[in-house]
Amino acid sequence: MLPTPVRSRDGNIVESVGGHRWRAYRDLPAGPPLAAPVSAVVAGAAGDVLATLHGLALPVDRVSPWHARRLGPASWAGLSGTATARQAPWAGQLAAAVPALEDLAAIGRDVPVPDPVLTHNTFGPAQTRLAPDGRLVVVGWEHAGGQPPAWELANALLDWAVAPHSRVDAVGARALIDGYRQRAGGAPTLCLADFRGAATGLINYVCEQVEAALAAGTAEDRRYADRSVHHLLTHLPTRTTLERLLDAVT
């Protein structure tokens, strides 16, 4: 279930107001954003939604850059050194996480990229709500772009079936794959390389948050950014997390 966009007086879905681009949707009764872990029923519904999107096979000319490559030029060693020099409260965490971040960046690096399709691209629990009838309401389509179906399915497993502290929800993972399979008549056979898009997107996000924390100007901005970086580094998945997900669904 998708919220229905509201067109402007000129018939546009997106309008520029005050230098920013805006869109509006008709109000759709739904609960708050979801968070992992979810019930097996909800995980199965997520797999069903993803299979429906992939089944459309909408063509796209490239993989979304966010999932395709590291966007920032700064090295992890350089960022870690800057954080240490500025005595960031999470500097030690970042230094300790550098090997894991570099290991994530290596996943699937030498494997050919499968053909992408146009899809949601950030399909995690935070982008969904439960309608009163129990159906999933999917929001957050602003970042729709290209991803190979296997990459997005692997990314969905990471988002939907990994609880805080990298605890793998094996029941939820299997339910998501089962929901996908029931809708599509089958599911990609996943391997570690299929987490390349998820790992790349995560690395880009961590880098973005670290740089924002280092650039924060006010005390309040620094407190907020420091909490965000601390949370990310505390819950950073590793190659072992991804292998456990694969074990749960294969």
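Residues numbered from 1 in each chain as written. Predicted model: local features only at pLDDT ≥ 70, side-chain atom pairs only at ≥ 80, totals over all residues. Heavy atoms only, no water.

Draft legend 1. Layout of helix H3 (residues 76–85). Listed as buried for H3 are Trp 76, Leu 79, Ser 80 and Ala 83. Angularly, the buried residues of H3 cover 100 degrees about the axis, an arc narrow enough to put them on a single face. Exposed residues pointing more than 90 degrees away from the buried face of H3 are listed as Ala 77 and Ala 85. Buried residues belonging to H3 abut helix H4 (91–105) and helix H7 (196–215). Where H3 terminates, the next one or two residues include Gln 87, which has phi positive at roughly 60 degrees. (Buried < 20%, exposed > 50% of the residue type's maximum accessible area, 1.4 Å probe, protein only. Helix = DSSP H or I, 4+ residues; strand = E, 2+ residues; numbered from the N terminus. Arc of directions from axis to C-beta. Contact = heavy atoms within 4.5 Å.)

Draft legend 2. Focus on the nonpolar core. Within the largest apolar cluster, 59 residues are counted, with the highest numbers of intra-cluster contacts made by Trp 76, Trp 90, Leu 94, Trp 160 and Leu 245. Looking at this core element by element, the count peaks at nine residues for H7. Here Leu 245 is in contact with Leu 157, Leu 158, Ala 161, Val 162, Val 168, Ala 173 and Phe 195, once residues within four sequence places are set aside. (Core = buried A, V, L, I, M, F, W, Y, C linked by side-chain atoms within 4.5 Å.)

Draft legend 3. Molecular detail of a nonpolar patch on the surface. On the surface, Leu 56, Leu 58 and Leu 118 cluster together to form a nonpolar patch covering roughly 240 Å² of accessible area. Here Leu 118 is to be found in strand E5 (residues 117–119). Under the relative-accessibility criterion, Leu 118 is labelled partly exposed at 32%. (Patch = residues over 30% accessible without salt bridge, like charges linked within 9 Å, V, L, I, M, F, W, Y side chains within 5 Å. Areas by Shrake-Rupley, 256 points an atom, 1.4 Å probe, with all protein chains shown as cover. Salt bridge = Lys/Arg side-chain N within 4 Å of Asp/Glu carboxyl O.)

Draft legend 4. Here's a closer look at the side chain of Thr 119. Inspection of the secondary structure puts Thr 119 in strand E5. Judged by its relative accessible area of 2%, Thr 119 is buried. Once residues within four sequence positions are removed from consideration, Thr 119 is found in contact with Leu 53, His 54, Ala 144, Gly 145, Gln 147 and Glu 152.

Draft legend 5. Quick look at the packing of aromatic side chains. In this structure the tally under the stated criterion is one aromatic pair. Ring geometry for Phe 123 and Trp 160: centres 5.6 Å apart, planes at 40 degrees, overall tilted. Taken together, the residues Phe 123 in the loop between E5 and strand E6 (128–130) and Trp 160 in helix H5 (residues 149–160) connect sequence positions 37 residues apart. For the pair Phe 123 and Trp 160, one class covers both residues: buried. In this structure, Arg 70 packs its charged tip against the face of Trp 76, placed 4.6 Å from the ring centre. (Phe/Tyr/Trp six-rings, centres within 6.5 Å; stacked < 30°, edge-to-face > 60°. Lys NZ or Arg CZ within 6 Å of the ring centre and 35° of its normal.)

Draft legend 6. Region of interest: the pattern of salt bridges. All told, the structure shown has five salt bridges when counted by the stated rule. Between Asp 48 and Arg 183 there is a salt bridge whose closest N-O contact spans 3.0 Å. Note that Asp 48 is positioned in helix H1 (residues 40–56) and Arg 183 in helix H6 (residues 170–184), a separation of 135 residues in sequence. A residue is classified by how much of its surface remains accessible, and Asp 48, at 24% relative accessible area, is partly exposed.

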